[in-house]
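# Observations on the three-dimensional arrangement
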Amino acid sequence: MSTSGTEKTAANTTTGQRNPVLHIDTANVYTPQVGNEGVSPSELAAIDQKLRQVHQRLLKGSNDGLEAEYACLNLPHHMSRLLPKIEQMAHEISRFPDIVLIGIGGSSLGSKAVWHALNGASQKTRLHFVENADPYDLHHLLSRLSPTDTAVICISKSGRTMETIAQYLILRGWLSDKLGNDQALKRQWIITDPETGWLRRLAQRENIASLPVPPKVGGRYSVLSPVGLLPLTALGVDARALLRGAADNAARCAAEDLRLNPALEMAALYFLLDVKKNKRISIMMPYINRLRFFVDWYCQLWAESLGKKNTANKEPAGSLPVRAVGTIDQHSQLQMYLESRYDKVFTFIELAHWEHNLSIPLGAEDREAFPYLKEKTLADVMHAEFNATRETITKTGHPNLTIRLPRLDAYILGQLIDLYQRVTIYTGQLYGINPLDQPAVEEGKKLAVRYLLRE
């Protein structure tokens, strides 16, 4: 029924120039392409009024800047006033050859996703993510680092995340033992709540350089706040382009007509595929290695935001997000996709133009063995593999949509981040749940503390 994003450019909200946009092809989600496993026009029309309501709800919930319910959607505009301070701190951090980012979940996945997608914007700086509280990994990291050359960024919105605080205390002690307390403090930066929490009190007491996480912005929605902007800027990522891309996508998704609002259409389709077609598994499969950590970010955003019970009828909501990478997982998961249960929806991500391409050299014997590689490039192989997989998935009746990136840079990533944050919030509203909280996770955190107190 629909192919969103057919226009190749969109107006830049700050300069008025035309910039490339995400091309979003939803045709293979609808019944004409995948039969009864897809969404029919009548099913979509039946929730038209509900879609208009959730769009208005999103607009209303975004109507008060960083104090809004959906403050995360306002970050692209409101971070501009904090950027000078972020850039100043980032310049200080960038002097160190090694940067250790301590955080978990939303405190690190966004930075990791953007950093790896841009393939390491800084060639002179080594970035180390300290996430899971694995003693083996932290021991070996410390054995490789020089304290003189190391900057430490500790990120926890609450200021009390157990895994983060435990490892930060170890790194603080390591720096102090090696360099003395004064020099150790010059190598630490904190990102946390602006007023409350142990980390905020520590930063104030010891005069540690710090930045705030806007109180209304949850961790998994915080990549466009100082949580992501400080480490990424220190590493040479163009934070202004990242924010500009997000702002331009927000403008693109301003209409309540889903034919003009790709985020609203995608939310409607994901929702209907679950509740009407029993598609309980949502597989994201980029045909771009550099986006494998973007899928990790998406998996947390989707699972933690939507995997909960409807407050009215106690019915469980949400589909299970699953990571796959093309072409790797054609060889490990495709058999399951094609002949197993019809409980899946696929989101493919493809890159239209590769910055680096490699021609495939063929000798006479090679041409005889592989005639289909004659005068082809590695990008040709990737495109052929993607098209073949998508066609096979479609022919077997599995609904799928494709996001095609015109290029892969900070501006395009900003669009992709804003798009999925909006899709997630819209989808949560359609389910009748709060896409911002995580009550079950909080109970697990309390129980972990009790276990430590018993030992």
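Residues numbered from 1 in each chain as written. Predicted model: local features only at pLDDT ≥ 70, side-chain atom pairs only at ≥ 80, totals over all residues. Heavy atoms only, no water.

### Re the sheet that holds strand S5 (residues 98–102)
Basically, it comes down to this: Two strands make a pair as long as DSSP finds a minimum of two bridges between them. Strands are runs of DSSP state E lasting at least two residues, helices are runs of H or I lasting at least four, and both sets are numbered from the N terminus onward. Angles here are taken between N-to-C directions and fall from 0 to 180 degrees, while the axes themselves are lines fitted to C-alpha atoms, restricted in helices to the stretch in contact.
On the basis of which strands lie adjacent, the open sheet formed by five strands has the order S6-S5-S7-S8-S9 and parallel pairing. In the strand order of this sheet, the two ends are held by strand S6 (126–130) and strand S9 (209–212), each with one partner. Strand-to-strand twist of the sheet, defined as the mean angle between neighbouring strand axes without regard to direction, takes the value 20°.

### A look at the environment of valine 423
Applied cut-off: In what follows, a contact means two residues having at least one pair of non-hydrogen atoms within 4.5 Å.
Within the secondary structure, valine 423 sits in helix H18 (residues 410–431). Once the C-alpha coordinates of valine 423 and arginine 160 are considered, the two residues, 263 residues apart in sequence, prove to be 30 Å apart. Setting aside anything within four residues of it in sequence, one finds valine 423 in contact with Ala263, Met266, Ala267, Tyr270 and Trp302.

### Looking at the packing of aromatic side chains
The condition is simple: What counts as a ring pair is set by centres within 6.5 Å for rings of Phe, Tyr and Trp (its six-membered ring), and what kind of pair is set by the plane angle: stacked under 30 degrees, edge-to-face over 60, tilted for all other angles. Residue burial is assigned from relative accessible area. The probe radius is 1.4 Å, only protein chains are included, and a residue is buried under 20% of its type maximum, exposed over 50%, and partly exposed in between. Whether a charge lies above a ring is judged from NZ of Lys or CZ of Arg, which has to be within 6 Å of the ring centre and within 35 degrees of the ring normal.
As enumerated under the stated definition, the model contains twelve aromatic pairs in all. Taking 5.5 Å as the distance between ring centres and 70° as the angle between the ring planes, the aromatic pair formed by tyrosine 298 and tyrosine 420 counts as edge-to-face. Taken as a pair, tyrosine 298 in helix H14 (residues 292–306) and tyrosine 420 in helix H18 lie far apart in primary sequence, 122 residues in all. For tyrosine 298, a relative accessible area of 1% gives the class buried. Here the aromatic rings of phenylalanine 348 and phenylalanine 386 are separated by 5.8 Å at their centres, their planes lie at 75°, and the arrangement is edge-to-face. Here phenylalanine 348 is found in strand S12 (residues 344–351), whereas its partner phenylalanine 386 is found in helix H17 (residues 378–395), with 38 residues between them in sequence. Neither phenylalanine 348 nor phenylalanine 386 differs from the other in exposure class; each is buried. By the ring-pair criterion, three or more aromatic residues cluster together here, those being Tyr287, Tyr337, Phe346, Phe348 and Phe386. Sitting over the face of the ring of phenylalanine 129, lysine 112 holds its NZ or CZ atom 5.2 Å from the ring centroid. A cation sits over an aromatic face here: arginine 454 above tyrosine 451, 4.7 Å from the ring centre.

### Regarding a nonpolar patch on the surface
Stated precisely, the cut-off is as follows: Patch membership is restricted to residues that have no salt bridge and whose relative accessible area is over 30%. Joining uses 9 Å for like charges and 5 Å for the nonpolar side chains Val, Leu, Ile, Met, Phe, Trp and Tyr. Surface accessibility follows the Shrake-Rupley procedure with a 1.4 Å probe radius. Residue values consider only the protein chains on display as shielding. A carboxyl oxygen of Asp or Glu within 4 Å of a side-chain nitrogen of Lys or Arg is what we treat as a salt bridge.
Among the surface-exposed residues, Met162, Val449, Leu452 and Leu453 lie close enough to one another that they form a single nonpolar patch of about 370 Å² accessible area. Per element, the largest residue contribution to the nonpolar patch is three residues, and it comes from helix H19 (residues 439–454). By secondary structure assignment, the location of methionine 162 is in helix H8 (residues 162–179). What makes methionine 162 partly exposed here is its relative accessible area of 30%.

### A word on the environment of alanine 209
Tracing the backbone shows alanine 209 in strand S9. On the accessibility criterion, alanine 209 (27% relative accessible area) is partly exposed. In this structure, the C-alpha to C-alpha distance between alanine 209 and aspartate 380, residues 171 residues apart in sequence, is 48 Å.

### Quick word on the state of the cysteines
Quick reminder of the rule: Whenever a pair of cysteine sulfur atoms sits within 2.5 Å, that pair is classed as a disulfide.
Counted under the stated rule, the structure contains zero disulfides. No disulfide involves cysteine 72; its sulfur sits 13 Å from the nearest other cysteine sulfur, which is in cysteine 253. Since its relative accessible area comes to 3%, cysteine 72 is described here as buried. For cysteine 253, a relative accessible area of 2% corresponds to the buried category.

### Thoughts on the pattern of salt bridges
Evaluation of the coordinates by the stated rule reveals 21 salt bridges. Here arginine 57 ties to glutamate 69 by a salt bridge, and the two come within 2.8 Å at their closest N and O atoms. Taken together, the residues span a long stretch of sequence, with arginine 57 in helix H3 (residues 48–61) and glutamate 69 in the loop between H3 and helix H4 (75–78) at a distance of twelve residues. Among the residues examined, arginine 57 registers a relative accessible area of 36% and is labelled partly exposed. Note that arginine 404 and glutamate 350 form a salt bridge whose closest N and O atoms lie 2.8 Å from each other. Of this pair, arginine 404 sits in strand S13 (residues 400–405) while glutamate 350 sits in strand S12, and the two are 54 residues apart along the sequence. Classification of glutamate 350 by relative accessible area gives buried; the value is 6%. Look at the salt bridges and you will find they share partners, linking Asp48, Arg52 and Glu256 into a network.

### Description of helix H5 (residues 83–93)
Let me state the cut-off plainly: It is the directions from the helix axis to the C-beta atoms that the arc portrays.
By the burial criterion, the buried members of H5 are Leu83, Ile86, Met89, Ala90 and Ile93. With its buried residues spanning 130° around the axis, H5 presents them on a single face. Every exposed residue of H5 that faces more than 90 degrees away from the buried side is listed here: Gln88 and His91. For H5, the elements touching its buried residues are S5, strand S7 (150–155), strand S8 (188–192), S9, helix H11 (226–234) and helix H12 (239–252).

### A short note on the packing of helix H13 (residues 262–275) against H18
Filter applied, for reference: Every angle not falling under 35 degrees, over 145, or within 65 to 115 is termed oblique; those three ranges are roughly parallel, roughly antiparallel and roughly perpendicular. Two helices that cross are described as forming a left-handed crossing if the nearer one is turned anticlockwise from the farther one by less than a right angle, and a right-handed crossing if clockwise. Each residue gets one of three labels, nonpolar for Ala, Val, Leu, Ile, Met, Phe, Trp, Tyr, Cys and Pro, charged for Asp, Glu, Lys and Arg, and polar for the others, Gly among them.
It is at 8 Å that the axes of H13 and H18 come closest, and there the two elements cross at 45°. Considering the angle they form, H13 stands oblique to H18. Handedness of the crossing formed by H13 with H18: right-handed. Contacts between H13 and H18 involve Pro262, Ala263, Leu264, Met266, Ala267, Ala268, Tyr270, Phe271, Asp274 and Val275 from the first element and Leu419, Tyr420, Arg422, Val423, Tyr426, Thr427, Leu430 and Tyr431 from the second. When its residues are assigned to classes, the contact of H13 with H18 shows 15 nonpolar, one polar and two charged.

### Let's talk about the nonpolar core
Spelled out, the test is: What is meant by a nonpolar core is a set of buried Ala, Val, Leu, Ile, Met, Phe, Trp, Tyr and Cys residues, joined one to another through side-chain atoms within 4.5 Å.
Formed by 101 residues in total, the largest nonpolar core has its most connected members in Phe294, Trp297, Ile403, Leu405, Leu419 and Tyr420. At 13 residues, the largest contribution of residues to this core is made by H18. Leave out the neighbours within four places in its chain, and tryptophan 297 touches Leu109, Gly110, Ala113, Arg220, Val223, Ile417, Tyr420 and Gln421.

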